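# Working through the structure, step by step
Residues per chain are reported as follows:
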Amino acid sequence: MSKVVLLAEDDEDNRDLVQFVLMRSKMDIKLVLAENGEEAVELAKKHAPSLILMDMQMPVMDGWTAVPILKADEQTKDIPVIAFTAQTKAEDRARTQEIGCVEHYAKPMDPEELLTLIQKYLNKE
Amino acid sequence: MIEAARPVIAEVLASRMKNPPEGPKASPPGIAELLQEVSKEAQQHAPTVPRSDIDAKLEEMRRQIEMLTNALEQERRVREEMNQQKLKGAINQFRAALETAWKNGAPKDEENNRLKRMGLDLGIPEDVVHTVTREVKLDMYSKAVKEVVAKQKLIRNSSRTLEWLRNVYQVSLDEYLEYESKFLMDLVADQYKGTILLVAADEKISVETGQKLKSMGYAVVTATSPENALEKIEKINPHFILCDMEFPAGNLSGIKFLHVLRANSKFNYTPFILMCGAGDMSQLESSELRPTEGYIQKPFDIDALGAEMNKKLMAFRQYLSSI
C-alpha cells in the first residue's frame, strides 16, 4: 500500500516541483497537498500521513503555528515533520527542532537530497 | 498440309505439261523450282483470316491485359494503403501506451517487456518498436527537462538535477549528446529574449561572446565588420547591437557605425554597446553617448555585459514610454 506524504506549501511552483520529483522517484507514495498550516492540520488528521513536509512561511497559518498543534494532538503527534524552509540561519534550525521538527530542509531543493531524506523517514516506519 | 497441297501440285504439273516454258533457256522443271512454285501457289490457296480481325482481337486482348494489370495495381495500392493505415494506427496506439508508461521516467523491466510485446502483437516491426520507444523516451525526457528548467530558481544545483533526470529516464550520454541540439533549441525557444547583432572582427571573441549570449537566451547574429552588419541589419531587426570599437583599416569604426545608425530612423535608438580596448577610451570620452548607448572594456565578464545590457534596455524602455 502506498505511503502518504503531506506537503504543506503555499507556493504553487514549489508544490509542483515536489510533486514532479516524487512522481519520478518510483517510490510508492501518495502525495497530499495543503496550501497553508490550517489545511495541513486538517489533512494530517484525515490521511494520517507517514511524513509531513512543512513550509514554515505560509499565509492563514504558518508552520511555526501548525507544527505545535500537530505535536499536541494525540492523533498526529508521532508523524515526523520536516521543516521545509528558505530560512537557513542556525537559530531557525534550532527553533524548528524546538517545536518538534525532525529535520530542517533548506530551499532551494535538490531532488536527490530531498528524496533521500524522505526515504530515510519512510523507511523508519 | 500435304493433302491440301496435292491438288495444287497436280494442277501445276498439268499446266507445265500443256504449256512447257519456251525460249532458249527453257528446260524441264527441276524439283527445287517446282517446290518453290508449289509453295507459292499453296500460300495463295491457304485459308486466310482477314488482317483487320486479327488486329481487332489483338487490340481487345491488349485492352483486357491492361485492365487486369490496372485492377491488380489498384488492389495492390489499396492493400498497401490499408496496411500503412493499419500500421500507423498500431504505432499511434503503441506510442500512447509508451507515453503513459514513460511519463514519469523509465518503466520497470517487466513493464518494458510488456510494452515491447504489445508493439509486436500489434504487427509493428521490431526495429520500428525500438525506434518509437526511443523517440518517446527522449520526448518525455525532453519535456521533463523543460519543466525543470522552468523551475530552475527553485532548484539548488541545476546540473545535478539534470543528471538525476537523465538517470530517471535512462538516457545515455550518447543519446543526450545526439539530442542535445533539440533540447537546447526547445529551451532557447522557450526563453528567447531577443536578437542581438554581434559585430566583431575577431572570430574568437565573436564565437565566445556569441555562445555566452545564446546561453542567456538571446538569438545571436554575427557580422565581421560594420559594413557586413549594415548588410544584415534590415533582415534581422536586432533588439540589441554589440559592436567592437576598432576594425581593420578600410572598415568603418564602431563609433562611425553608431553614427550611421543614428542617422537611420529605424535603428537610431536600438540599444548599442561598444566593446573597447583600453586605448579606445579617449575616443569615447570625446563622443557623446545617449542613454541607450554604452561601452564595456575588454576583456569583460559576461555578467558585467549582462548588467550593462540591462541598463541600456531599461533606458530603451524609458525612451519608448516617452514617445
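Everything below is about the structure shown above.
Residues numbered from 1 in each chain as written. Chains lettered and ligands numbered in written order. Predicted model: local features only at pLDDT ≥ 70, side-chain atom pairs only at ≥ 80, totals over all residues.

### Here's the deal with the overall build of chain A
What chain A contains, in helices and strands, is five helices and five strands. Its helices and strands taken in sequence order, chain A reads β-α-β-α-β-α-β-α-β-α from the N to the C terminus. Across the 125 residues in chain A, those meeting the buried criterion constitute 35%. (Helix = DSSP H or I, 4+ residues; strand = E, 2+ residues; numbered from the N terminus. Buried ≥ 20, exposed ≤ 12 C-beta atoms within 10 Å, placed from the backbone.)

### Observations concerning the sheet that holds strand 4 (residues 81-85) of chain A
Residues and elements named next belong to chain A. Strand order across the open sheet formed by five strands is 2-1-3-4-5, with parallel pairing between neighbours. Across the chains shown, the open sheet's two edge strands, defined by having one partner strand only, are strand 2 (29-34) and strand 5 (103-106). Averaged over all adjacent pairs, the angle separating strand axes in this sheet is 20 degrees, with direction ignored. Note that strand 3 (residues 51-55) and strand 4 share four bridges and pair parallel. Opposite Asp55, over in strand 4, you have Phe84 as the bridge partner. Running over the sheet, helix 2 (residues 37-47) touches strand 1 (3-8), strand 2 and strand 3 and is turned about 170 degrees from strand 1. (Pairing = 2+ DSSP bridges. Axes fitted to C-alpha atoms, helices over the stretch in contact; angles between N-to-C directions. Contact = placed C-beta atoms within 7 Å.)

### Quick look at the nonpolar core
One finds A:Leu6, A:Ala8, A:Ala40, A:Ile52, A:Met54 and A:Val81 to be the most contacted residues of the largest nonpolar core, which totals 52 residues. In contact with A:Ala8, other than residues within four places in its own chain, are A:Ala34, A:Asn36, A:Gly37, A:Ala40, A:Ile52, A:Met54, A:Asp55, A:Met58, A:Gly63 and A:Ala66. (Core = buried A, V, L, I, M, F, W, Y, C linked by C-beta atoms within 7 Å.)

### Section: the packing of helix 2 of chain A against helix 3 (residues 63-72) of chain A
Residues and elements named next belong to chain A. In the contact formed by helix 2 and helix 3, the axes pass within 9 Å of each other and the chain directions differ by 20 degrees. Between helix 2 and helix 3, the interaxial angle falls into the category roughly parallel. Pair helix 2 / helix 3 crosses with right-handed handedness. In this structure, helix 2 contributes Gly37, Ala40, Val41 and Ala44 to the contact, and helix 3 contributes Gly63, Thr65, Ala66, Ile69 and Leu70. (Parallel < 35°, antiparallel > 145°, perpendicular 65-115°, else oblique. Left-handed = near helix turned anticlockwise from the far one by under 90°.)

### Focus: unusual backbone geometry
Omega for the bond connecting A:Lys107 with A:Pro108 falls within 30 degrees of zero, at 0 degrees, which places this linkage in the cis form. Within the fold, A:Pro108 resides in the loop between strand 5 and helix 5 (111-124). Between B:Lys298 and B:Pro299 the backbone carries a cis peptide bond, its omega angle lying at -5 degrees. Locating B:Pro299 in the fold gives a position in the loop between strand 5 (293-297) and helix 12 (302-322). Unusually for a residue other than glycine, B:Gln170 sits at a positive phi of about 50 degrees. Within the secondary structure, B:Gln170 is located in the loop between helix 6 (158-168) and helix 7 (173-191).

### What about helix 2 of chain A?
Residues and elements named next belong to chain A. Within the span of helix 2, buried status applies to Gly37, Ala40, Val41 and Ala44. For helix 2, the buried positions fall inside an angular range of 100 degrees around the axis, keeping them on one side. Helix 2 presents Glu42 and Lys46 as exposed residues on the side facing more than 90 degrees away from its buried surface. The secondary structure elements touched by the buried residues of helix 2 are strand 1, strand 2, strand 3 and helix 3. Just downstream of helix 2, Ala48 is the residue with a positive phi angle, here 45 degrees. (Arc of directions from axis to C-beta.)

### As for the sheet that holds strand 3 (residues 240-244) of chain B
As a general point, the strands of a sheet are linked pairwise by backbone hydrogen bonds and lie either parallel or antiparallel. Residue and element names in this part refer to chain B. What the five strands build is an open sheet, ordered 2-1-3-4-5; its pairing is parallel. The sheet is open, and its two borders are formed by strand 2 (218-223) and strand 5, each paired with just one other strand. For this sheet the average axis-to-axis angle between neighbouring strands, irrespective of direction, equals 20 degrees. With four bridges joining them, strand 3 and strand 4 (residues 272-276) adopt parallel strand pairing. Pairing of Cys243 across the sheet is with Leu274, part of strand 4. The sheet strands contacting helix 8 (residues 203-215) are strand 1 (194-199) and strand 2, and the helix crosses strand 2 at an angle near 165 degrees.

### Some words on helix 5 of chain A
For helix 5 of chain A, with 14 residues, the first-to-last C-alpha span of 20 Å sits near the 20 Å given by 1.5 Å per residue. Taken as a whole, helix 5 of chain A has its buried residues at A:Pro111, A:Leu114, A:Ile118 and A:Tyr121. Looking down the long axis of helix 5 of chain A, one finds its buried residues gathered within 105 degrees of arc, a one-sided arrangement. Exposed residues on helix 5 of chain A whose side chains face more than 90 degrees from its buried face are A:Thr116, A:Asn123 and A:Lys124. On its buried face, helix 5 of chain A is in contact with strand 1, helix 1 (12-23), strand 3 and strand 5 of chain A together with helix 6 of chain B. (Expected span 1.5 Å × (residues − 1).)

### With respect to the interface of chain A and chain B
Between chain A and chain B, the contact holds 13 residues from the first and 12 residues from the second. Sorting the residues of the side of chain A that touches chain B by element identifies helix 1 and helix 5 of chain A as the ones contributing at least two each. Per element, the largest residue contribution to the side of chain A that touches chain B is five residues, and it comes from helix 1 of chain A. Partitioning the side of chain A that touches chain B into residue classes produces six nonpolar, one polar and six charged. (Nonpolar A, V, L, I, M, F, W, Y, C, P; charged D, E, K, R; others polar.)

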